[in-house]
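Structure at a glance
What follows is the residue order along each chain.
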Amino acid sequence: MKEGNFLDRVMEFEQQLEAMHEQFRELIGFVAKMTEENHSLQLENHHLRTRLDELTDKTQMMDEKRPPEKPQRVDIGEGVDNLARIYNEGYHVCNVHYGSSRKGEDCLFCLSFLSKQNA
Ligand SMILES: [Zn+2]
């Protein structure tokens, strides 16, 4: 191998190394970009899942809790309130004298009945 030929080979090899180094830097840059993108997608996915769970919980609460609770509470509460109001307006709500006037007197049957309904 001649000296000039050898130097040419070394310079050629150095150029190849530089080219590979450049490709390697591009590859690293690509990996960094993909890692960053993956991270932000994971964050967004987590955020969306949390949001979805919240909405699912709210929907289930609306579906499951509303129909059974509201009618019962309203019916019982209004019924007792109506009976108490009728009693306060001067009429019996007990089954002994139901609907007739108390004539200004308290009725133990009515009071007992109302206190049982409120309990
Ligand atoms: Zn009564």
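Residues take numbers from 1 onward in each chain, read along the sequence in its written order. Side-chain atom pairs in this predicted model are given and counted only at pLDDT of 80 or more, local residue features only at pLDDT of at least 70, and totals for whole chains, interfaces and linings cover all residues. Water and hydrogen atoms play no part in the side-chain values, which are based on all heavy atoms of the structure.

Let's shift gears to the overall build of the chain. Numbered from the N terminus, helices here are DSSP runs of H or I no shorter than four residues, and strands are runs of E no shorter than two. Secondary structure summary: the chain contains two helices and zero strands in total. The buried label goes to any residue with under 20% of its type's maximum accessible area, the exposed label to any with over 50%, and the partly exposed label to all in between, with areas taken from a 1.4 Å probe on protein chains only. The burial tally for the chain puts 9% of its 119 residues in the buried class. The contact criterion used is simple: two residues touch if any of their non-hydrogen atoms lie within 4.5 Å. Partitioning the intrachain contacts of the chain with sequence separation of at least 6 by distance along the chain shows that 18% fall at a separation of at least 24. Residue exposure ignores everything except the shown protein chains as possible cover, and the areas themselves are Shrake-Rupley values with a 1.4 Å probe. Summing over all exposed atoms, the chain offers an accessible surface of approximately 10900 Å²; the carbon and sulfur share of this is 56%.

When four donors bind a metal tetrahedrally, each ideal donor-metal-donor angle is 109.5 degrees, and when six bind octahedrally, the ideal angles are 90 or 180 degrees. On the protein side, the zinc ion has His92 (ND1), Cys94 (SG), Cys107 (SG) and Cys110 (SG) as donor atoms, found 2.1 to 2.4 Å from it. Atoms of type N, O and S within 2.8 Å of a metal are treated as its donors, and for Na, K and Ca the window is 3.2 Å; water is not considered, so some sites may appear to be missing partners. Irregular is the label for any site that misses the other tests, which are tetrahedral for four donors with all angles between 85 and 135 degrees, and square planar for four donors or octahedral for six when opposite donors exceed 155 degrees and the remaining angles lie between 65 and 115. Considering all four donor atoms around the zinc ion, angles at the metal cover 102 to 121 degrees and the coordination shape is tetrahedral.

The next subject is the pattern of salt bridges. Once the charged atoms of two side chains with opposite charge are near each other, the side chains can pair. Note on definitions: salt bridges are taken to be side-chain nitrogens of Lys or Arg within 4 Å of carboxyl oxygens of Asp or Glu. As enumerated under the stated definition, the model contains three salt bridges in all. A salt bridge links Arg51 to Glu54; the nearest nitrogen and oxygen atoms lie 3.1 Å apart. Linking Arg51 with Glu54, this pair stays in helix H1 (residues 3-88), spanning three residues, or about one helical turn. Arg51 gets classed as partly exposed once you look at its relative accessible area, which sits at 40%. The shortest N-O distance in the salt bridge between Arg102 and Asp106 comes to 3.6 Å.

Here Arg102 is to be found in the loop between H1 and helix H2 (108-118). Polar contact criterion, stated in full: a pair of N or O atoms within 3.5 Å, where within protein one must be able to donate a hydrogen and the other to accept it, and residues adjacent in sequence count only if both atoms are side-chain atoms. From its side chain, Arg102 meets the backbone oxygen of Glu105 in a polar contact 2.8 Å long. Non-local contacts of Arg102, meaning those with residues more than four positions away in its chain, are made with Tyr87, Asn88, Gly90, Tyr91, His92 and Cys107.

We now examine the nonpolar core. Throughout, nonpolar core names a set of buried Ala, Val, Leu, Ile, Met, Phe, Trp, Tyr and Cys residues whose side chains join them through atoms within 4.5 Å. Residues Leu83, Tyr87, Val93, Cys94, Cys107, Cys110 and Leu114 constitute the largest nonpolar core, which totals seven residues. Secondary structure elements with two or more residues in this core: H1 and H2.

Before going further, it helps to examine a nonpolar patch on the surface. Side chains of Leu27, Phe30, Val31 and Met34 sit close together on the surface and give an oily, nonpolar patch of about 390 Å² of accessible area. One can find Met34 in helix H1. The partly exposed category is assigned to Met34, whose relative accessible area is 41%. Patch rule: a residue counts if its relative accessible area is over 30% and it has no salt bridge; like charges are joined within 9 Å, and nonpolar side chains (Val, Leu, Ile, Met, Phe, Trp, Tyr) within 5 Å.

What follows concerns the packing of aromatic side chains. Within 6.5 Å between ring centres, the rings of Phe, Tyr and Trp (the latter by its six-membered ring) count as paired, and their orientation is classed by plane angle as stacked under 30 degrees, edge-to-face over 60, tilted in between. Applying the stated criterion across every chain yields a total of zero aromatic pairs. Here, over-ring charges are defined by two tests on the NZ atom of lysine or the CZ atom of arginine: distance to the ring centre within 6 Å, and angle to the ring normal within 35 degrees. Lying across the ring of Tyr87, Arg102 places its NZ or CZ 3.8 Å from the centre.

What follows covers the confidence of the model for the chain. Confidence of the predictor in every single residue is expressed as pLDDT, which spans 0 to 100. Taken as a whole, the chain shows an average pLDDT of 84; of its residues, 87% reach a score of 70 or greater. Note that pLDDT drops below 50 for residues 70-74; the model gives that stretch one contact with residues more than four away or on any other chain.

This paragraph deals with unusual backbone geometry. Non-glycine residue Lys103 carries a positive phi angle of around 55 degrees. Within the element layout of this structure, Lys103 appears in the loop between H1 and H2.

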